[in-house]
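In case you want the letters, here they are:
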Amino acid sequence: MKHNDPKRAPLGAPVPNFTVPPRPTREVMRGQYVQIEPLDAQAHAALLFRAFEDQDYLWHYMYDGPFSSSAQFHRWVRDVAAKEDPLFYAIKNLDTGNIEGVASYLRIAPEAGSIEVGSITYGPALQRTRGATEAMFLMMEWAFEVGYRRYEWKCNALNLPSRRAAQRLGFSYEGIFRQAAVVKGRNRDTAWFAMIDSEWPGLKEAFEAWLSPSNFDDAGMQGERLGDLTGLVRVASDPLL
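Procedures and definitions
Every chain's residues receive numbers from 1 upward, in the order its sequence appears when written. Since the coordinates come from a predicted model, pLDDT governs what is reported: local features require at least 70, and pairs of side-chain atoms require 80 or more to be given and counted, while whole-chain, interface and lining totals use all residues. Hydrogens and water molecules were not included; the side-chain quantities draw on all heavy atoms of the structure. Joining through side-chain atoms within 4.5 Å is the link that ties buried Ala, Val, Leu, Ile, Met, Phe, Trp, Tyr and Cys residues into a set, and such a set is a nonpolar core. The buried label goes to any residue with under 20% of its type's maximum accessible area, the exposed label to any with over 50%, and the partly exposed label to all in between, with areas taken from a 1.4 Å probe on protein chains only. What counts as a helix is a DSSP run of H or I of at least four residues, what counts as a strand is a run of E of at least two, and both are numbered from the N terminus. Two residues form a contact once any of their heavy atoms are found within 4.5 Å. The directions considered for the arc run from the helix axis to the C-beta atoms. To estimate how far a helix should extend, the number of its residues minus one is multiplied by 1.5 Å. Charged residues are defined narrowly, with Lys and Arg counted positive, Asp and Glu counted negative, and His plus the chain ends left uncounted. Salt bridge criterion: a side-chain nitrogen from Lys or Arg within 4 Å of a carboxyl oxygen from Asp or Glu. Here a polar contact is recorded for every N or O atom pair within 3.5 Å, except that within protein the pair must consist of a potential hydrogen donor and a potential acceptor, and residues adjacent in sequence are included only if both atoms are side-chain atoms.

Visitor: How should I be thinking about the nonpolar core in this particular structure?
Guide: Here is a general trend for soluble globular proteins: nonpolar side chains tend to be buried in one another's company. Of all hydrophobic cores here, the largest spans 46 residues; its most connected members are Tyr105, Met136, Met139, Tyr151, Trp153 and Phe171. Ranked by the residues each element gives to this core, the list is headed by helix H3 (residues 130-145), at 10 residues. The contact partners of Tyr151, leaving out residues within four places of it in the chain, are Tyr105, Ile115, Val117, Met136, Met139, Met140, Ala143, Phe144, Phe171, Phe193, Ala194 and Met195. With 19 residues, the next largest nonpolar core counts Leu39, Trp76, Phe88 and Ala90 among its residues.

Here is the structure:
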C-alpha cells in the first residue's frame, strides 16, 4: 500500500503495556535434565576442556577457539565469564553432575525488549539429548517470562546444523545478512532467526509436551518430534532446509 501523504504515514502498533525487562543475572536455572549456572573459570574451565577435548570442529563457526591447551582455554573462560554481554552460562547434566556445554545471552537490549542466545557449544555427551533441548528451553523461558518481546538466534549462514537447530526449536527464519563479519580471516554471512512473545505460549506448550517423560518410550525414543510441534507456531521456514 502506497502512502504519498506524509501526514497519513503508517505507524507501528502501540505497545501500551511494555515494561523494560531486567537484564539477565547470574542466577541458576534448573530443569528436569540440566542445570544452567553462571560460568566460572575455577569451577568449570577444566571440566569443559575435558568435555570439548579433541573436538576442534565445535569451534569452526565460532569467533573464538579452537584451544591448543587447557591453560589457553582457562584464560578464555576466565575472560568471557567476567563479561555482562555476552553473559555466559555452563550447562550441567543433572544425572551425572558433569559440565557438558556452554551458552550465553548476548545483544541484550532491555529497552527494545530484545535478547539473543548464542555461543552455544555442546560437548559430544550433551549433543542430541533431552538435556540439550531443555537447556535452550530454560533460557528462552526465562527471557519471555521476565518480559522480553523478541528472542534471537544468529549463526554463520554456512552452519547448516545450527540453522536446523534454530528451526527445530521454533525460531522463524528472517533472512541473511551478507558480509556481516570477518571471522578468523574468512567472510561470514549471518543467518537470522527469531521468536516473539506472541508465539511463546504455543512454543512453551510444544516444549513441555516434547520434554515430558511420557513422550519417550523405555528405549528413549521420542513419540512426538519437537520440530513438528514447533512448526505449528513458526511463521517462516528456512528455505535451505
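Back to the write-up after that little detour.
Visitor: I would appreciate a short explanation of helix H4 (residues 160-169) in the present structure.
Guide: Residues spaced three or four apart along an α-helix point in a common direction, a consequence of the helix completing one turn every 3.6 residues. By the burial criterion, the buried members of H4 are Ser162, Arg163, Ala166, Gln167 and Leu169. Across the axial projection of H4, the buried residues extend over an arc of 165°, all falling on one side. Buried residues belonging to H4 abut H3, strand S6 (150-156), strand S7 (172-183), strand S8 (186-196), helix H5 (200-211) and helix H6 (226-230). A positive phi of about 105° marks Gly170, the residue just after H4.

Visitor: Honestly, H5 in this entry has me stumped. Any pointers?
Guide: Compared with an ideal rise of 1.5 Å per residue, which puts 12 residues at 16 Å, H5 spans 16 Å between its outermost C-alpha atoms and is within 8% of the ideal. Within H5 the residues assigned to the buried category are Trp200, Leu203, Ala206, Phe207, Trp210 and Leu211. Projected down its long axis, H5 carries its buried residues within an arc of 120°, all on one side. In H5, the exposed positions that point more than 90 degrees away from the buried face belong to Pro201 and Glu205. Buried residues along H5 sit against H3, H4, S8 and H6.

Visitor: Sorry, what's going on with the side chain of Glu134 here?
Guide: Locating Glu134 in the fold gives a position in helix H3. With no salt bridge to any partner, buried Glu134 finds its closest opposite charge in Arg30, at an N-O distance of 8.8 Å. A polar contact of 2.6 Å, which involves the side chain of Glu134, links it to the backbone nitrogen of Gln32. Residues within four places of Glu134 in sequence aside, it is in contact with Gly31, Gln32, Tyr33, Val34 and Leu211.

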